[in-house]
Protein chains: 4
Amino acid sequence: MAVHIGVLGSGVSDPGRDAVAETIGSAIGRAGALLVCGGLGGVMAAACRGAVRSGGVTLGLLPGDDRSEANEWVSIAVPTGLGEARNVLVVRAADVVVAIGGEYGTLSEVAFALKSGRPVVGVETWALRRPDGTEETGIVRSTVHEAVEIALALATQDPHA
Amino acid sequence: MAVHIGVLGSGVSDPGRDAVAETIGSAIGRAGALLVCGGLGGVMAAACRGAVRSGGVTLGLLPGDDRSEANEWVSIAVPTGLGEARNVLVVRAADVVVAIGGEYGTLSEVAFALKSGRPVVGVETWALRRPDGTEETGIVRSTVHEAVEIALALATQDPHA
Amino acid sequence: MAVHIGVLGSGVSDPGRDAVAETIGSAIGRAGALLVCGGLGGVMAAACRGAVRSGGVTLGLLPGDDRSEANEWVSIAVPTGLGEARNVLVVRAADVVVAIGGEYGTLSEVAFALKSGRPVVGVETWALRRPDGTEETGIVRSTVHEAVEIALALATQDPHA
Amino acid sequence: MAVHIGVLGSGVSDPGRDAVAETIGSAIGRAGALLVCGGLGGVMAAACRGAVRSGGVTLGLLPGDDRSEANEWVSIAVPTGLGEARNVLVVRAADVVVAIGGEYGTLSEVAFALKSGRPVVGVETWALRRPDGTEETGIVRSTVHEAVEIALALATQDPHA
């Protein structure tokens with residue numbers, strides 16, 4: 001079965017961030033991996049567009065209960081009706097996640113990925129410092145161009161893959 | 001986008017019931033509809049097998065948090081980690097549902113489908129009588145061979161389709 | 001710890017049904033049990049009112065994400081944000097359930113209670129017939145005046161209590 | 001209705017951290033606020049103990065589906081059966097949250113609180129830096145002795161309160 005790569009990022013469009021997401025989505029599609037995301041706009045839509053245009057398949061786990069909320073590049077849409085709690089399901093459905101940008105929803109997904117032992121690749125995302133002053137090292141920093149390659153390598157060596 | 005048909009039924013294998021499920025799954029696959037189910041064994045596995053063998057695609061929404069719990073004919077598995085509450089998500093993801101047999105989990109899904117206004121086709125399933133003695137007419141009874149045809153017709157005329 | 005009794009019923013007011021619910025709520029409060037419900041109007045509000053007026057405590061598990069949706073007799077409100085999936089949580093929180101009336105949401109909760117092995121007391125509620133024509137016997141029929149006494153007896157002998 | 005204060009922290013016991021949690025729980029109980037948490041051990045148990053011993057009431061939203069998993073100082077236990085997704089419910093149930101320590105589950109709850117606009121008071125917890133290098137200012141840093149006073153002030157001026 002294909003590796004499932006979660007793409008985490010804001011639903012609000014931002015040209016620079018969306019371009020990053022589309023590049024990452026394209027790489028996921030070319031690699032034959034499945035892209036999992038929250039199914040809405042912004043980073044999610046750009047990543048799905050990239051994946052589908054490069055021949056990939058995308059799974060969108062929506063917060064609402066109406067399938068039509070999905071962006072047009074979602075291949076399979078699941079309207080969870082759970083609100084923000086669907087972020088947990090996005091992480092559960094992925095073998096590895098790529099976090100893009102610095103919004104709160106993304107942070108929640110990074111936290112759930114770290115909690116559940118899934119590898120996290122971060123592209124221009126949060127930096128986290130523990131109370132004792134040490135930096136969290138569970139987020140593997142990457143450029144946009146290497147992110148999917150790193151994610152695939154981490155997923156393959158990880159027990160969740 | 002393809003019609004999403006939910007197949008509701010027990011995870012425990014029963015030769016007669018599983019044969020019914022496989023026939024229905026085959027018809028879903030041939031029709032080019034997407035089969036949505038709970039992703040486990042019994043009716044779910046038989047329906048997925050029928051769908052995949054006739055060229056279809058299947059979506060399995062699992063109760064646990066491990067994708068490997070899915071039966072081998074699930075094309076896309078979503079480990080919800082919600083336990084029995086995932087039954088609600090199976091119904092939400094479907095435009096119409098086909099209920100097979102008489103187990104409690106199936107009953108809960110029929111109830112959610114009726115509650116949310118999705119059409120329900122029943123094949124050898126529960127009969128429900130209201131407190132005033134009237135029979136519930138929201139379950140459209142069908143033979144195994146007509147079930148998918150009826151489901152597609154109902155989905156097409158229904159606002160949820 | 002007090003027995004947790006779930007009260008299942010419609011959110012739409014109906015004078016006769018609400019009077020039944022208030023009587024049952026009063027008996028729960030007098031018995032020193034905790035009343036668990038979905039926290040909204042109709043049967044839920046009437047049952048909570050009865051419980052609180054007889055000295056009891058009520059827990060309302062709301063479908064939305066705003067605590068203020070709770071009826072005014074909910075002692076502790078939990079805004080789950082899960083929509084109808086919160087019905088599963090109402091059942092999980094209860095040792096035994098009392099189902100009142102014949103709406104679809106109530107049916108879903110009865111189904112989850114049967115599925116999870118919790119005793120179900122039914123007052124003017126659904127009757128269920130299996131595909132083989134036999135009547136479901138898991139719903140213990142009761143008059144309004146005996147319902148809570150029966151529920152307490154079932155909860156005490158049940159492993160979930 | 002009383003202010004609902006969420007206490008977020010690890011389920012693993014640590015003497016220093018648990019002492020902080022117990023002090024904060026005591027202050028919540030003395031203030032007449034309701035303490036909401038995940039209902040398990042470590043920070044959650046210590047905070048509940050402090051609250052109950054100072055006359056307060058505690059609500060525990062458990063990840064599993066068995067009420068007996070709750071620590072002994074939980075007044076009302078709700079077994080959600082949602083796994084880690086219950087973290088979202090803890091935040092939804094609170095007007096304001098106090099985060100203690102630096103574990104991943106705590107981080108996910110802080111993220112959901114920030115996302116949903118609930119004030120966050122942090123005691124020896126995570127520091128978060130955005131991709132542009134700026135520090136996240138949504139976490140109001142506090143000593144253990146001032147945390148509840150600050151939380152109450154923030155809840156009172158906040159639209160969620």
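All of these numbers come straight from a predicted model, not from anything done at the bench. (Residues numbered from 1 in each chain as written. Chains lettered and ligands numbered in written order. Predicted model: local features only at pLDDT ≥ 70, side-chain atom pairs only at ≥ 80, totals over all residues. Heavy atoms only, no water.)

1. Some points on the pairing of strand E3 (residues 57-62) of chain C
Residues and elements named next belong to chain C. Of all 6 residues in E3, 5 are buried; the element is thus mostly enclosed. The pairing of strand E2 (residues 34-37) with E3 spans 4 bridges and is classified as parallel. In the sheet register, Val-36 faces E3, and the bridge partner there is Leu-59. Handedness of the crossover joining E2 and E3 through helix H2 (residues 43-53) is recorded here as right-handed. (Buried < 20%, exposed > 50% of the residue type's maximum accessible area, 1.4 Å probe, protein only. Helix = DSSP H or I, 4+ residues; strand = E, 2+ residues; numbered from the N terminus. Pairing = 2+ DSSP bridges. Right-handed = clockwise from strand over helix to strand, strands pointing away.)

2. Focus: the packing of aromatic side chains
Pairs of aromatic rings are described using the distance from one ring centre to the other and the angle between the two planes. Applying the stated criterion across every chain yields a total of 6 aromatic pairs over all chains. Ring centres of Tyr-104 of chain A and Trp-126 of chain A lie 6.3 Å apart, and the angle between their planes is 20 degrees; this geometry places the pair in the stacked category. One end of the pair, Tyr-104 of chain A, is in helix H4 (residues 104-115); the other, Trp-126 of chain A, is in the loop between strand E6 (120-123) and strand E7 (127-129), and 22 residues separate them in sequence. Since its relative accessible area comes to 23%, Tyr-104 of chain A is described here as partly exposed. Judged by relative accessible area, which is 1%, Trp-126 of chain A ranks as buried. Seen from the ring of Trp-73 of chain C, Arg-49 of chain C lies directly overhead, with NZ or CZ sitting 4.9 Å from the centre. (Phe/Tyr/Trp six-rings, centres within 6.5 Å; stacked < 30°, edge-to-face > 60°. Lys NZ or Arg CZ within 6 Å of the ring centre and 35° of its normal.)

3. A closer look at the sheet that holds strand E4 (residues 76-79) of chain B
All names here are of chain B. Spatially, 7 strands are ordered E4-E3-E2-E1-E5-E6-E8 in an open sheet, and the strand pairing comes out parallel. Taken across any chain shown, the strands that pair with only one partner, and hence form the sheet edges, are E4 and strand E8 (139-141). With strand direction ignored, the average angle separating the axes of adjacent strands in the sheet is 25 degrees. Here strand E5 (residues 96-100) runs beside strand E6 (residues 120-123); their pairing, made up of 4 bridges, is parallel. (Axes fitted to C-alpha atoms, helices over the stretch in contact; angles between N-to-C directions.)

4. Examining the environment of Ala-45 of chain A
All names here are of chain A. Tracing the backbone shows Ala-45 in helix H2 (residues 43-53). As a C-alpha pair, Ala-45 and Asp-95 span 50 residues in sequence and 20 Å in three-dimensional space. Once you skip the residues sitting within four places of it in the chain, Ala-45 turns out to touch Leu-40, Asn-71 and Trp-73. (Contact = heavy atoms within 4.5 Å.)

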